Amino acid sequence: MGTAIMVTSGKGGTGKTSLTAGVASCLAALGRRVLCIDTDIGLRDLDLALGLSDRAVMDFSDVMAYRCSLLGAAVEQPEIRGLYLLTAPLGTEALDRERFRAVVDEAKEVFDFVFMDSPAGLGDGFQLAIAAADRAVVVSAVDPAALRDAQRTVAELHSLPQLHLVMNRVQPKLISQLRTSIDNAMDTAGLPLLGVVPEDPAVTLATAAGVPLVLSAHKGAAPAYLNIAKRLLGQRVPLLRIR
């Protein structure tokens, strides 16, 4: 039985989708079967970060409505074996949470990890993901607004037994200017730290090129994603030192 992980954030711009794609890609490269589900209904873009732009014909609403099987709708990344995407519908209609959870439960029978990239905020996509999640990863930047919104998001995740924080898009100079630290950020969000990812322009360049970052980079955010993937597998890995 696999694990369903909800990846969420309190506000947009934290790099949540890139992080989802990066960590999922690393887990697949380490030999696990991984399904990424985009739950950002109407505004889906996880396909871009996975290098699968517009390849998905069916979405998870088709699986929920029995118009297509799960494996028939999921699209495999051609260069990273074992990495799949189940995209979100373009429409904004309300969807049944129990049926969505049944789809995720089915996926957990086939995949080692199911990552649900939920939209920022507390809307329909967030509610779908939380209904099906076993645990959650909250992604935040170090600025006060992002951390405050992360706190609000954590308050909505009380039903989940395991929550972790990832500090993303970290700039050492910014931390110094804000007179804060990663420890302070952890205290503010109230969560244990799963990883620290530096600000890296290669993330944007890889998405624009339609290539998963881990296939095109070996420094910056890429090794940070790999470290997080290893921690999810239970390995003890030191935090990436950001210079």
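Source: prediction; values computed, not measured. (Residues numbered from 1 in each chain as written. Predicted model: local features only at pLDDT ≥ 70, side-chain atom pairs only at ≥ 80, totals over all residues. Heavy atoms only, no water.)

Regarding the overall build of the protein chain
Of the regular secondary structure elements, the protein chain holds eleven helices and eight strands. A globule of 243 residues ought to have a C-alpha radius of gyration of about 18 Å, and the protein chain, at 17 Å, matches this closely. Seen through its C-alpha atoms, the protein chain measures out along the principal axes to roughly 55 × 35 × 30 Å. When contacts within the protein chain are restricted to residue pairs at least 6 apart in sequence, long-range pairs at least 24 apart make up 77% of them. As presented, the protein chain carries roughly 11,000 Å² of accessible surface, and 49% of it is formed by carbon and sulfur atoms. Taking the 24 positively charged and 26 negatively charged side chains of the protein chain as two groups, their mean positions are separated by 9 Å. (Helix = DSSP H or I, 4+ residues; strand = E, 2+ residues; numbered from the N terminus. Rg over C-alpha atoms; globule rule 2.2 N^0.38 Å. Contact = heavy atoms within 4.5 Å. Areas by Shrake-Rupley, 256 points an atom, 1.4 Å probe, with all protein chains shown as cover. Lys, Arg positive; Asp, Glu negative; His and termini not counted. Charge placed at Lys NZ, Arg CZ, Asp CG, Glu CD.)

Things to note about the nonpolar core
One finds L35 and M116 to be the most contacted residues of the largest nonpolar core, which totals 46 residues. Those residues in contact with M116 that sit more than four places away from it in its chain are A4, I5, M6, V7, I37, T39, F100, V104, A129, A132 and A133. Judged by nonpolar contacts, the second largest core, of 38 residues, contains L19, A28, C36 and F115. (Core = buried A, V, L, I, M, F, W, Y, C linked by side-chain atoms within 4.5 Å. Buried < 20%, exposed > 50% of the residue type's maximum accessible area, 1.4 Å probe, protein only.)

So, the state of the cysteines
Enumeration over the complete set of coordinates arrives at zero disulfides. Here C36 stays unpaired: no disulfide links it, and the sulfur of C26, its closest cysteine neighbor, is 11 Å away. What makes C36 buried here is its relative accessible area of 0%. We note that C68 lacks a disulfide partner, and the nearest cysteine sulfur, in C36, lies 18 Å from it. (Disulfide = S-S within 2.5 Å.)

A short note on the environment of A189
Along the chain, A189 falls in helix 9 (residues 182-189). Classification of A189 as buried rests on a relative accessible area of 6%. Note: C-alpha distance between A189 and Q151 (38 residues apart in sequence) is 5.0 Å. When residues no more than four places from it in sequence are discounted, the contact partners of A189 are Q151, V154 and L165.

What to know about unusual backbone geometry
A positive phi angle, close to 65 degrees, is found at Y66, a residue other than glycine. With respect to the element layout, Y66 can be found in the loop between helix 3 (60-64) and helix 4 (70-73). In this structure, R169 is a non-glycine residue whose phi angle is positive, near 55 degrees. Turning to its location among the elements, R169 is positioned in strand 7 (residues 163-170).

Description of the packing of helix 5 (residues 97-108) against helix 6 (residues 124-132)
The N-to-C vectors of helix 5 and helix 6 enclose an angle of 55 degrees; their axes lie 8 Å apart at closest approach. As judged from the angle between their axes, helix 5 and helix 6 are oblique. Crossing angle aside, the handedness with which helix 5 passes helix 6 is right-handed. Residues R97, F100, R101 and V104 of helix 5 pack against Q127, L128, A129, A131 and A132 of helix 6. Split by residue class, the contact of helix 5 with helix 6 holds six nonpolar, one polar and two charged. (Axes fitted to C-alpha atoms, helices over the stretch in contact; angles between N-to-C directions. Parallel < 35°, antiparallel > 145°, perpendicular 65-115°, else oblique. Left-handed = near helix turned anticlockwise from the far one by under 90°. Nonpolar A, V, L, I, M, F, W, Y, C, P; charged D, E, K, R; others polar.)

Regarding the sheet that holds strand 4 (residues 83-86)
Spatially, eight strands are ordered 3-4-2-5-1-6-7-8 in an open sheet, and the strand pairing comes out mixed. The strands lining the two open edges of the sheet, one partner per strand, are strand 3 (75-76) and strand 8 (193-198). Across five bridges, the pairing between strand 1 (residues 3-8) and strand 5 (residues 113-117) is parallel. Residue pairing in the sheet places I5 in a bridge with F115 of strand 5. Across the sheet, helix 1 (residues 16-29) lies against strand 1, strand 2 (34-38), strand 4, strand 5, strand 6 (135-140), strand 7 and strand 8, angled at about 170 degrees from strand 5, the strand it touches most. On top of the sheet, helix 9 reaches strand 7 and strand 8; it is set at about 135 degrees to strand 7, its chief contact. (Pairing = 2+ DSSP bridges.)

Section: the side chain of D59
Tracing the backbone through its elements, the reader meets D59 in the loop between helix 2 (46-49) and helix 3. Within the structure, D59 has its side chain in polar contact with the side chain of S61 (distance 2.3 Å). Non-local contacts of D59, meaning those with residues more than four positions away in its chain, are made with R44, A73, L86, T87, A88 and P89. (Polar contact = N/O pair within 3.5 Å; in protein donor to acceptor, adjacent residues only side chain to side chain.)

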